[in-house]
Amino acid sequence: MEEMGINKGDSVYIERGGDVIPKIVGICEKKVKGSKGAKVFPVPKACPSCSSPVDLDDRILRCRNKKCPDQLLQKLIFFSSKQAMNFDGLGEKTIVRLVELDTISKPSDILDLTPSDLVKVERIGQNKAEKIVKSIKEAAHTATLAQVIHAMSVPSCGKKCAEDLADYFKYLEHLLLLDEEDLAGEYGFGLGSVQEIAAYFSDPDVVADLIRLRNLSVKALQKRAPRVVGHGSPEQIEQFETPVDRGSGEGFFQNILKGLYSQNTVWRADAVDNREVLILPMSTCQAKSLSSQEL
């Protein structure tokens, strides 16, 4: 608006940018002729919700406070929406009231709701509360990994990006050990987006919430990684005819988290219980600040 000289009260031409987003393309009438007396739009220097400083990011002002109340509320509203987890009966007004009652503050809290929590909301009786809880459980059971990633409002990650991440990682364990270089180089994600996505999945609060969602029966997060049967260079892996260093998927990730192996290690998983054969370069599985018990 500053570049186009748009001030308060001006009438403007608007079109649908990309057939979706309203875009100002010009001024059709100025409220005040000339610069004298014109009122410009002030650029906020602080978030109106939490008063944290705001950053200008490609013409968009962003509050960088991860605990910003309005951001957390909007994330919870989106998480429950039809575009995300699709919890029937859990609309925006109900989410707002549950936040006001301090019943929910993060996505996993929604999965832990009980009828007794919901009846505290105006105009929700026992029968409706039970139906909502049932809807939440059913949606958690049927949601895909891509759907869960999209619902979590990952920065710089829309629906298509969430589908690509789910297709690449397949398992919660791999997602939490996301590697920036592999993702940007081999799978075409932009470096800026990858850095934001990697930072999101290395946030201890996000990790704790995803693990809690898994424990609360989000089936897509319960799928376990294949069993590891060997490690070594790519040439050594090709020579394996029988499983060596056999162990569970959990043991594999515990070893990664303890940092016992080099970046050149290549892992192979066998097809136990109809699970696929998997070869992972160690660079795909960088150690993050998680305890082995969490995975």
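Residues numbered from 1 in each chain as written. Predicted model: local features only at pLDDT ≥ 70, side-chain atom pairs only at ≥ 80, totals over all residues. Heavy atoms only, no water.

Caption draft 1: Structural view of the overall build of the chain. For the chain, the count of helices and strands is 14 helices and 7 strands. Buried positions account for 38% of the 295 residues belonging to the chain. The contacts of the chain with a sequence gap of at least 6 include a subset with a gap of at least 24, amounting to 51%. Accessible area for the chain stands at about 17200 Å²; split by element, carbon and sulfur atoms hold 50% of it. (Helix = DSSP H or I, 4+ residues; strand = E, 2+ residues; numbered from the N terminus. Buried < 20%, exposed > 50% of the residue type's maximum accessible area, 1.4 Å probe, protein only. Contact = heavy atoms within 4.5 Å. Areas by Shrake-Rupley, 256 points an atom, 1.4 Å probe, with all protein chains shown as cover.)

Caption draft 2: Fine view of the nonpolar core. Of all hydrophobic cores here, the largest spans 57 residues; its most connected members are Leu90, Ile110, Ile149 and Phe201. Dropping the residues within four chain positions of it, phenylalanine 201 is found in contact with Ile149, Val154, Leu175, Leu176, Leu178, Val207 and Leu210. (Core = buried A, V, L, I, M, F, W, Y, C linked by side-chain atoms within 4.5 Å.)

Caption draft 3: Expanded view of the packing of aromatic side chains. Per the counting criterion, the structure on display carries 2 aromatic pairs. Ring plane angle 90° and centroid distance 5.1 Å describe the contact between tyrosine 200 and phenylalanine 201, whose orientation is recorded as edge-to-face. Grouping residues by exposure puts tyrosine 200 and phenylalanine 201 together as buried. (Phe/Tyr/Trp six-rings, centres within 6.5 Å; stacked < 30°, edge-to-face > 60°.)

Caption draft 4: Seen up close, the layout of surface pockets. Empty space within the largest pocket amounts to approximately 1000 Å³. Around the largest pocket sit 29 residues that line it, and Lys66, Gln71, Lys75, Pro155 and Tyr200 are the ones nearest its centre. Those elements that provide at least two residues to the lining of the largest pocket are β4 (60-63), α1 (69-80), α10 (191-201) and α11 (204-215). Broken down by element, the lining of the largest pocket gets its largest block of residues, 6 residues, from α1. Looking at the lining of the largest pocket, its residues break down into 11 nonpolar, 6 polar and 12 charged. Of the pockets and cavities examined, the second largest pocket occupies roughly 760 Å³. What lines the second largest pocket is a set of 20 residues, among which Met1, Glu2, Glu3, Val43 and Arg59 lie closest to the centre. For the lining of the second largest pocket, the secondary structure elements donating two or more residues are β2 (21-29) and β4. (1 Å grid on protein atoms, 1.4 Å probe; cavity = no way out; pocket = protein on both sides within 12 Å on 5 of 7 lines; lining within 4 Å. Points joined across faces, edges and corners; volume = space filled by probe spheres on them. Nonpolar A, V, L, I, M, F, W, Y, C, P; charged D, E, K, R; others polar.)

Caption draft 5: Examining the confidence of the model for the chain more closely. Taken over all residues, the pLDDT of the chain has a mean of 75, while the share at 70 or more is 70%. Within the model, pLDDT remains below 50 along residues 227-295, and this stretch shows 136 contacts once partners closer than five positions in the same chain are excluded. (pLDDT = per-residue confidence, 0-100.)

Caption draft 6: Looking closely at α11. Here α11 spans 16 Å end to end across 12 residues, near enough to the 16 Å set by a 1.5 Å rise per residue. Restricting attention to buried positions, one finds in α11 the residues Val206, Val207, Asp209, Leu210, Ile211, Leu213 and Arg214. For α11, the secondary structure elements touched by its buried residues are α1, α3 (107-111), α8 (172-176), α10 and α12 (219-222). Taking the backbone nitrogen of aspartate 205 as reference, a side-chain oxygen 2.8 Å away marks aspartate 203 as the first, capping residue of α11. Just beyond α11, the residue with positive phi is serine 217, at close to 80°. (Expected span 1.5 Å × (residues − 1). Polar contact = N/O pair within 3.5 Å; in protein donor to acceptor, adjacent residues only side chain to side chain.)

Caption draft 7: Focus on unusual backbone geometry. With a phi angle near 60°, asparagine 86 is a residue other than glycine that sits in the positive phi range. Relative to the helices and strands, asparagine 86 is located in the loop between α1 and α2 (92-100).

Caption draft 8: Here's a closer look at helix α7 (residues 159-169). Looking only at α7, the buried set comprises Cys161, Ala162, Leu165, Ala166, Tyr168 and Phe169. Along α7, the residues classed as buried sweep out an arc of 165° about the axis, all on the same side. Away from its buried face by more than 90 degrees, α7 exposes Lys159, Lys160 and Asp167. Trailing α7 by a residue or two, lysine 170 shows a phi angle of about 70°, which is positive. (Arc of directions from axis to C-beta.)

Caption draft 9: Inspection of the pattern of salt bridges at higher detail. Following the criterion strictly, the structure yields 10 salt bridges and no others. The shortest N-O distance in the salt bridge between aspartate 109 and lysine 106 comes to 3.4 Å. Taking relative accessible area as the criterion, lysine 106 reaches 34% and is therefore assigned partly exposed. Residues joined in a network through salt bridges with shared partners are Lys106, Asp109, Asp112 and Arg212. (Salt bridge = Lys/Arg side-chain N within 4 Å of Asp/Glu carboxyl O.)

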